Amino acid sequence: MSKRDYYEVLGVSKTASDDEIKKAFKKLAMKHHPDRNQGDKSHEEKFKEAKEAYEILSDPQKKAAYDQYGHAGVDPSMGGAGAGGAGFRDFADAFGDIFGDIFGGGGGRGGRSQVYRGADLRYNLELSLEEAARGTETKIRIPVLSECEHCHGSGAKPGTEPVTCPTCGGHGQVRMQQGFFSIQQACPRCHGSGRVVADPCTHCHGEGRVKQHKTLSVRIPSGVDEGDRIRLAGEGEAGINGGPPGDLYVQVHLKQHAVFTRDHNDLHCEMPISFATAALGGEITIPTLEGQASIKIPAETQSGKVFRLRGKGIKGVRSQAPGDLHCHVVVETPINLTERQKELLREFDTCCGHEGKHNPRAKGFMDKVKEFFGQ
């Protein structure tokens, strides 16, 4: 059975450019690849046919021979240059180029240096509760790897340029072949860049980047909370081989506050009150982030009672309204009593008696204890 014309197989004209030939093969390879059409012999044959056509038309010497003599110019059985005789390696190179472009391999015949984005950095910033609630602007100093100003990131001494890596020929990758298997990996000498520095820059020692500290101004929005991150685009480490820089993430951590604890947008605080105020009622003054506020304590208030002040919390970054302030009152036991004060307390305890009228919680607890022991 005679072979089809290679240009017809790929669906391109004889005047097609290298890029057009590559795009045509890439389209056919993705469509007919055996992994996508397992068990379908027709697709497998079309894939092999497209592979063979691309092997010839992507090689300038073989393409010239094919254009002049047709299949006879490249078929070893007819005395030609040998399409099949070139073996698996030629196709592995071509196939690696095609799918390297698809999946971002970055190597290939073009000898293009692999470009890498710079690393992202994180900076832990401690803020007071007041700074987090109201927002602030602060300056931070961070260590980074920045592009060398002397060689502009090339790593080569000013006035010189990196040269093509002799190990990989500028591909950035090398192949190890054993039998029918071909493994492609980054070149151990140029580390995938495809170029090496023969005369390194004396400032960065050929790295293209230098360690330095830089000071940045960071605007903290009001309402940030523990763990929130603020992204500073492009303020991370410099990229490699001209790649874009990474980002800097400023992560917020809140310092412990002397009065308040934060729960999302709500604030909590404990306020001690005297035994007399708890029993008889009264008015106390409590702190808020906006100043002082007053709370009326009703008579017979128990320890642990929570009073809520609406809108006295924090308005979060993504909140429509501020949270609340929860004041937990704690009845404080008096200390350092005088003899007269002790005497008065004993009289008070005696006149209260033990019938539970004045101590409902204690009476209820003792009733439960008796029930537990079956009394």
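Residues numbered from 1 in each chain as written. Predicted model: local features only at pLDDT ≥ 70, side-chain atom pairs only at ≥ 80, totals over all residues. Heavy atoms only, no water.

## Notes on the packing of helix 3 (residues 41-57) against helix 4 (residues 60-69)
Inference 1: Close contact between helix 3 and helix 4 brings their axes to 6 Å; oriented N to C, the two are set at 100°. The orientation of helix 3 with respect to helix 4, classified from their angle, is roughly perpendicular. Contacts between helix 3 and helix 4 involve Glu55, Ile56 and Leu57 on the former and, on the latter, Lys62, Lys63 and Tyr66.
Inference 2: A per-class count over the contact of helix 3 with helix 4 returns 3 nonpolar, no polar and 3 charged. (Axes fitted to C-alpha atoms, helices over the stretch in contact; angles between N-to-C directions. Helix = DSSP H or I, 4+ residues; strand = E, 2+ residues; numbered from the N terminus. Parallel < 35°, antiparallel > 145°, perpendicular 65-115°, else oblique. Contact = heavy atoms within 4.5 Å. Nonpolar A, V, L, I, M, F, W, Y, C, P; charged D, E, K, R; others polar.)

## What to know about the packing of helix 2 (residues 18-32) against helix 3
Inference 1: Orientation of helix 2 relative to helix 3, taken along the N-to-C sense of each, is 160°, at an axis distance of 9 Å. By the angle between their directions, the pair helix 2 and helix 3 is classed as roughly antiparallel. Crossing handedness for the pair helix 2 and helix 3: left-handed. Residues Ile21, Lys22, Phe25, Leu28, Ala29, Lys31 and His32 of helix 2 lie in contact with helix 3, whose contacting residues are His43, Glu44, Lys46, Phe47, Ala50, Lys51, Tyr54 and Leu57. (Left-handed = near helix turned anticlockwise from the far one by under 90°.)

## Some thoughts on the confidence of the model for the protein
Inference 1: The pLDDT averaged across the protein works out to 80; a share of 80% of its residues lies at or above 70.
Inference 2: In this model residues 81-112 is a low-confidence stretch, pLDDT under 50, and it forms 67 contacts with partners more than four residues away in sequence or in other chains. (pLDDT = per-residue confidence, 0-100.)

## Here's the deal with the packing of aromatic side chains
The geometry of an aromatic ring pair is captured by two quantities: the separation of the ring centres and the angle between the planes.
Inference 1: Throughout the structure, instances matching the rule amount to 4 aromatic pairs.
Inference 2: A ring pair is formed by Phe25 and Tyr54, whose centres lie 4.5 Å apart and whose planes are at 10°; its orientation type is stacked. Placement of the pair is Phe25 in helix 2 and Tyr54 in helix 3, with a sequence separation of 29 residues. Comparing Phe25 with Tyr54 shows no difference in burial state: the two are buried.
Inference 3: When the ring of Phe275 is compared with that of Phe348, the centres are 6.0 Å apart and the planes differ by 80°; the resulting orientation is edge-to-face. Taken together, the residues Phe275 in helix 7 (residues 275-280) and Phe348 in helix 8 (residues 339-352) connect sequence positions 73 residues apart.
Inference 4: Among the residues examined, Phe275 registers a relative accessible area of 42% and is labelled partly exposed.
Inference 5: Note on Phe348: relative accessible area 40%, which makes it partly exposed.
Inference 6: In textbook terms, an aromatic cluster arises when at least three aromatic residues are bridged by ring pairs, as seen for Tyr6, Tyr7 and Tyr66. (Phe/Tyr/Trp six-rings, centres within 6.5 Å; stacked < 30°, edge-to-face > 60°. Buried < 20%, exposed > 50% of the residue type's maximum accessible area, 1.4 Å probe, protein only.)

## Points about the pattern of salt bridges
Inference 1: Counted under the stated rule, the structure contains 16 salt bridges.
Inference 2: Across the salt bridge formed by Arg117 and Asp120, the nearest N and O atoms sit 3.0 Å from each other.
Inference 3: Among the residues examined, Arg117 registers a relative accessible area of 44% and is labelled partly exposed.
Inference 4: Glu137 is paired through a salt bridge with Arg219; the nearest N and O atoms lie 3.2 Å apart. Linking Glu137 in strand 2 (residues 136-147) with Arg219 in strand 7 (residues 209-220), this pair joins segments that are 82 residues apart in sequence.
Inference 5: Among the residues examined, Glu137 registers a relative accessible area of 46% and is labelled partly exposed.
Inference 6: Each of Arg117, Asp120, Arg231 and Asp247 takes part in one network of salt bridges that share partners. (Salt bridge = Lys/Arg side-chain N within 4 Å of Asp/Glu carboxyl O.)

## A closer look at the sheet that holds strand 1 (residues 121-127)
Inference 1: Spatially, 1-9-8 is the arrangement adopted by the 3 strands of the open sheet, whose pairing is mixed. The open sheet has two edge strands with one neighbour each: strand 1 and strand 8 (229-232). Neighbour to neighbour, the strand axes of the sheet diverge by 25° on average, direction disregarded.
Inference 2: Sheet topology places strand 1 next to strand 9 (residues 248-254); 7 bridges connect them, and they run parallel. If you follow Asn124 over to strand 9, its bridge partner there is Gln251. (Pairing = 2+ DSSP bridges.)

## A short note on the sheet that holds strand 15 (residues 325-331)
Inference 1: Reading across from one edge, 10-11-15-14 is the order of the 4 strands in this open sheet, with mixed pairing throughout. The strands lining the two open edges of the sheet, one partner per strand, are strand 10 (261-263) and strand 14 (306-309). Within this sheet the neighbouring strands show an average axis-to-axis angle of 30°, counted without direction.
Inference 2: Where strand 11 (residues 266-273) lies against strand 15, 7 bridges are found, and the strand directions are parallel. Each bridged residue has a counterpart across the sheet, and for Leu267 the counterpart in strand 15 is Leu325.

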